[in-house]
Amino acid sequence: MTQRLHDQDPSPFGEFDEFGEFDPSPEPPAVHAKVLRDELVAAAEWAARYLSELPQGPVARPLPTQLRSRLRAGQLPQRGGELSGVLDFVRDEIAPYPTGNGHPAFFAWVNSPPAPAGIVADLLACAVNATCGMGENALMDLERGTVRMLADLAGLPDSAGGVLTSGGSMANLLALATARTWFLTRRGSADGPAYDRDHARLTLYYSAQAHMSVAKAAACVGLPAHRLRPVATDPHDRLDPAALRAAVTADLDAGLLPFCAVTTLGTTATGAVDPLEPVTDLCRSTGMWHHADGAWGGLGASVPALAPHYAGVDGIDSLTVDPHKTLSVPVGCGALLVPDPEHLHTAFAHQASYLTAGEPDALPWLSHATIELTRPGTRALALWATLHHLGRDGVTGLIEHYLALADQLRERITAEPRLQLLAGGPWPVACFRLTDPYGDSPDALHTRVARRVQDNGRAYLATVAVHGRTVLRAALCNYRTTTDDLDLLIREVLHAADAERSAPGTDQSPRHR
C-alpha cells in the first residue's frame, strides 16, 4: 500500500505557512499535489484488490441497523475531514454492503458489473470534468461518435444519431416526449387550443410485458392511465400484433388519437423480443410513432443467433439501448437512438441569450437533444473505452457468452427432476419453479425460497410473475459468471427448498402444478 501523506492534509481548506503551521483560511478545496496523487494511487490499488477478491466473498449481506441509521442521518460536521477519509469510508462502510451485482453468482436482475475499461475511463472523465451539454469540447464529439457506434451495432440507418442518457428510463421518457411532439406537429396542433384538444386524446400502446418505465414515462408527459393500452402477448410473451391492431382500431373509432406504439427487445421477465415489422407497418398506416425499448436487448441485431428476431429494426422511429446493461459500462449510461436526429431537436431545442453557439455552422449542442443542460462526460468516455476495449467482435462475443450460459442453465434446470423450466429467451434468462410446490401457497413458497437463497449469501436470484404464477428467475449478464456459478445456483435453490420443507409448521402435502 502506498504511504499516504496524512500530515499535509488536515482539512480540505487552508494551507501550511512557512513555519509549518496550518492556516485555516476559507480557500477553495485544493489539496497538496502529492496528497492527491497518493490518494488516487491508494484508491486504484484498493479498487483492483476489491474487484479481484469479490468472487470469494458473499454476494450480498444485510446492512447493520446502526450503519443504516448513520448513513441516513445526513449530519455534516463543522470542520472538514482528511482526504484519506474518503477511501476509508468507502472501504469500511459502503463496499461491504453492495447490491451484489458485481458478484458472478448474482442472477437477480439485469444489472451488470463494471467493465475494466469503463472504471478507468470514469476516473479520467471525472478529472477532465467537461460538460456535454452546451459549448463545444472533445467529449461532446466523442459522444456523437459513440452514439453512432451504438446505432451501427443496433442495425439502424447511417443517418442515425441520438443522445446518451442516465439509463433506459430517461431514454424512454425522451422517446415518448419526442413522439408526442412529432405527432402533434404533423397535425398542426403543437401549441395553442389545438394542443389542448389533441393532447387530451393521445393514446399509447405497449406490450403487457413492457418495462414499468414506459408507463412512468407516459405519466411524466401527461398521459393519464386510462389512455394507456397494455397489449396482450402471445404464448412466447411477445406482443401480439393482431391484438395491437384491434386496440388501435377501437380507439380510432372512439375518436381517440393513437400516437405511439412501444415494442420491447428483451423483456425483463423472460427475455422475449417483440415482432418489429408488423408493428411498424401498423404505425405507418395509422400515422403513429414506433419506439422500441431495447434497454437490455437493443444490440441483438449484431449477434447472428439473435439477428432473425430483429428483422425490420432499421424501420423503427427510436430505440432505447442501455450500455450499462448489455456492455457492462459503469452504471449511468443509457442511450436514445433515432434514425432522424432532427426529431430530437424539434422536441427539446430551446434558445436563451446566455446560450448561443460560437460558430454559425456549429452542430446543434447536445442539450438540444435532451432535457439536460449540464451533462456528464463520464458516459461518453466510459462507453468509448468499453467499446474500444471490446471491438465489434468483442461486443458480439460478450452477448454470445451470456447466451451460451443461459442455454447451459436451462439444460441444468431441465435435467433436475425437482425443477421445471417455464420460460426464457431468446435473451439470456431462465424462469423456473419447483416441481413439487408443497404448502398452501406455491407462489409464496417460491418467494421464500428466493429470499432464503439471497440471505444465505452464496448466490442471488429473484422472482417474477409469468403467466400468473410467481417463478424463480435467473438473468445472465455478468461477464465473470462461469458454469461453476450455474451449478452453485442450482444447489442453493434446492438447499433453500429443503430448508423450507423442513421449517416448522410447513404443510408438506404436494399441490397441483
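The numbering scheme is per chain: residues are counted from 1 as the chain's sequence reads. Restriction of local features to residues with pLDDT of at least 70 applies here, the model being predicted, together with a cutoff of 80 or more for giving and counting side-chain atom pairs; totals for whole chains, interfaces and linings are based on all residues. The basis for the side-chain values is all heavy atoms of the structure; hydrogens and waters are excluded.

Novice: Would you mind showing me how to read the packing of aromatic side chains here?
Specialist: The geometry of an aromatic ring pair comes down to the distance between the two centres and the angle between the two planes. Only centres within 6.5 Å qualify two rings of Phe, Tyr or Trp (six-membered ring in Trp) as a pair; their planes then separate them into stacked at under 30 degrees, edge-to-face at over 60, and tilted for everything else. All told, the structure shown has seven aromatic pairs when counted by the stated rule. Relative to Tyr50, the ring of Trp46 has its centre 4.9 Å away and its plane inclined at 15°; by these criteria the two rings are stacked. Of this pair, Trp46 and Tyr50 are both found in helix H1 (residues 33-53), four residues apart, which corresponds to roughly one turn of the helix. Think of it in three bands: residues with accessible area under 20% of the maximum for their type are buried, residues over 50% are exposed, and the middle band is partly exposed, with areas taken using a 1.4 Å probe on protein chains only. Relative accessible area serves as the criterion here: at 15%, Trp46 is assigned to the buried category. A relative accessible area of 27% places Tyr50 in the partly exposed class. Seen from their ring centres, Phe183 and Phe259 are 6.3 Å apart, and the 65° between their planes marks the pair as edge-to-face. A residue pair is termed long-range when its members are at least 10 positions apart, and Phe183 in helix H6 (residues 168-187) and Phe259 in strand S6 (residues 257-264) qualify at 76 residues. Note on conventions: DSSP H or I runs of at least 4 residues are helices, E runs of at least 2 residues are strands, and numbering of each starts at the N terminus.

Novice: Can you walk me through the pattern of salt bridges in this structure?
Specialist: A side chain with one charge may pair with a side chain of the opposite charge, provided their charged atoms come close. By definition here, a salt bridge exists when the distance from a side-chain nitrogen of Lys or Arg to a carboxyl oxygen of Asp or Glu is within 4 Å. For the structure shown, the criterion picks out 27 salt bridges. We note a salt bridge from Asp38 to Lys34, for which the minimum N-O separation is 2.7 Å. Residue Asp38 and its partner Lys34 are both found in helix H1; the two are separated by four residues, about one turn of the helix. A salt bridge links Asp198 to Arg187; the nearest nitrogen and oxygen atoms lie 2.9 Å apart. One end of the pair, Asp198, is in helix H7 (residues 192-199); the other, Arg187, is in helix H6, and 11 residues separate them in sequence. Residue Asp198 is classed as buried on the basis of its relative accessible area of 1%. Given a relative accessible area of 43%, Arg187 falls into the partly exposed group. What emerges from the salt-bridge pattern is a single network uniting Glu143, Glu372, Arg375 and Arg379.

Novice: I tried to follow the sheet that holds strand S3 (residues 161-165) on my own but got confused; where do I start?
Specialist: Sheets are built from strands that pair by backbone hydrogen bonding, the pairs being arranged parallel or antiparallel. Two strands pair if DSSP finds at least two bridges between them. Here we have seven strands laid out as an open sheet, ordered S3-S9-S8-S7-S6-S4-S5, and mixed in their pairing. Of all strands in the sheet, those bounded by a partner on one side alone are S3 and strand S5 (228-231). The mean inter-strand angle of the sheet, taken between neighbouring strand axes irrespective of direction, is 20°. Relative to strand S9 (residues 334-338), strand S8 (residues 318-321) runs antiparallel, the two sharing three bridges. Only C-alpha atoms enter the line fits that serve as axes; for helices the fit covers just the stretch in contact. Angles between N-to-C directions range over 0 to 180 degrees.

Novice: Would you explain the sheet that holds strand S10 (residues 419-423) in this entry?
Specialist: Read across the sheet, four strands follow the order S10-S11-S13-S12 without closing on themselves; strand pairing throughout is antiparallel. Each having just a single partner strand, S10 and strand S12 (462-466) make up the two edges of the open sheet. When strand polarity is set aside, the average angle formed by the axes of neighbouring strands in this sheet is 45°. Examined bridge by bridge, S12 and strand S13 (residues 469-475) share five bridges and lie antiparallel to one another. Each bridged residue has a counterpart across the sheet, and for Thr463 the counterpart in S13 is Leu472. Contacting strand S11 (429-434), S12 and S13, helix H14 (residues 442-456) crosses the sheet at an angle of about 30° to S13. Two residues qualify as a contact provided that any one of their heavy atoms is within 4.5 Å of a heavy atom in the partner residue.

Novice: Is there a simple way to explain the nonpolar core in this structure?
Specialist: For soluble globular proteins, nonpolar side chains are generally found buried alongside one another. The biggest cluster of nonpolar side chains holds 49 residues, and the ones touching the most others in it are Leu156, Leu319 and Leu337. Listing elements by their share of this core, those giving two or more residues are helix H4 (116-128), helix H5 (138-154), S8, S9 and helix H13 (378-415). Apart from residues lying up to four places away in sequence, Leu337 is in contact with Val147, Leu150, Ala151, Ala154, Leu156, Gly161, Gly162, Ser318, Leu319 and Val321. Only buried residues count toward a nonpolar core, which is a set of Ala, Val, Leu, Ile, Met, Phe, Trp, Tyr and Cys residues joined through side-chain atoms within 4.5 Å. Core analysis: the next-biggest nonpolar cluster, separate from the first, contains 34 residues, Ala108, Leu409, Ala430 and Ala450 among them.

Novice: Honestly, the packing of H6 against H7 in this entry has me stumped. Any pointers?
Specialist: Each pair of packed helices can be described by the angle between their axes along with the distance between the axes. Here H6 crosses H7 at 120°, and the two axes come no closer than 11 Å. When the axis of H6 is compared with that of H7, the two are oblique. For the pair H6 and H7, the crossing hand works out as right-handed. On the side of H6, the interface is formed by Arg180, Leu184 and Arg187, while H7 contributes Tyr195, Asp198 and His199. Per-class residue counts for the contact of H6 with H7 are two nonpolar, one polar and three charged. By definition in this entry, angles of less than 35 degrees are roughly parallel, angles greater than 145 are roughly antiparallel, angles of 65 to 115 are roughly perpendicular, and the rest are oblique. Take the far helix as the reference: if the near one is turned anticlockwise from it by less than a right angle, the crossing is left-handed, and if turned clockwise, right-handed. Charged means Asp, Glu, Lys or Arg here, nonpolar means Ala, Val, Leu, Ile, Met, Phe, Trp, Tyr, Cys or Pro, and polar covers whatever is left, Gly included.

Novice: What is the right way to read the pairing of S9 from this model?
Specialist: Look at any regular strand and the pattern is simple: side chains alternate between the two faces of the sheet. In terms of burial, S9 is a largely internal element, five of the five residues being buried. Alternating positions in S9 separate into two faces, Gly334, Leu336 and Val338 on one and Ala335 and Leu337 on the other, with burial throughout. In terms of strand pairing, S3 meets S9 through five bridges, oriented antiparallel. Within the sheet, the bridge partner assigned to Gly161 lies in S9 and is Val338.

Novice: Can you walk me through the pairing of strand S7 (residues 289-294) in this structure?
Specialist: Taking burial as the measure, the six residues of S7 include six buried ones, the bulk of the element. Read as a crossover between parallel neighbours, the route from S6 over helix H10 (residues 277-286) to S7 is right-handed. Relative to S8, S7 runs parallel, the two being bridged by four bridges. Within S8, the position partnered with Gly294 by the bridge is Val321. For a crossover, the right-handed case is the one in which the path from the first strand over the helix to the second runs clockwise, viewed with the strands pointing away from the viewer.

Novice: For this particular structure, what's the right way to read the environment of Arg480?
Specialist: Inspection of the secondary structure puts Arg480 in the loop between S13 and helix H15 (483-502). Judged by its relative accessible area of 27%, Arg480 is partly exposed. Spatially, the C-alpha atom of Arg480 lies 8.6 Å from that of Pro113, the residues being 367 residues apart in sequence. Sequence-distant contacts of Arg480, defined by excluding residues within four places in its chain, comprise Leu51, Ser52, Pro55, Gly102, Pro104 and Asp485.

Novice: How should unusual backbone geometry be read in this particular structure?
Specialist: For residues other than glycine, phi is negative in most cases, and the peptide bonds are mostly trans. Note the cis peptide between Gly425 and Pro426, where omega equals 5°. Note that Pro426 resides in the loop between S10 and S11. Phi at Ser328 takes a positive value of approximately 65°, unusual for a residue other than glycine. Tracing the backbone through its elements, the reader meets Ser328 in the loop between helix H11 (323-326) and S9. A positive phi angle is found at His467, which is not glycine, with a value near 55°. Within the element layout of this structure, His467 appears in the loop between S12 and S13. Of the residues examined, His467 reaches a relative accessible area of 54% and is grouped as exposed.

Novice: I'm lost on the environment of Ser169 in this one. Help?
Specialist: Along the chain, the position of Ser169 falls in helix H6. Between the C-alpha atoms of Ser169 and Ala217, which are 48 residues apart in sequence, the distance is 7.3 Å.

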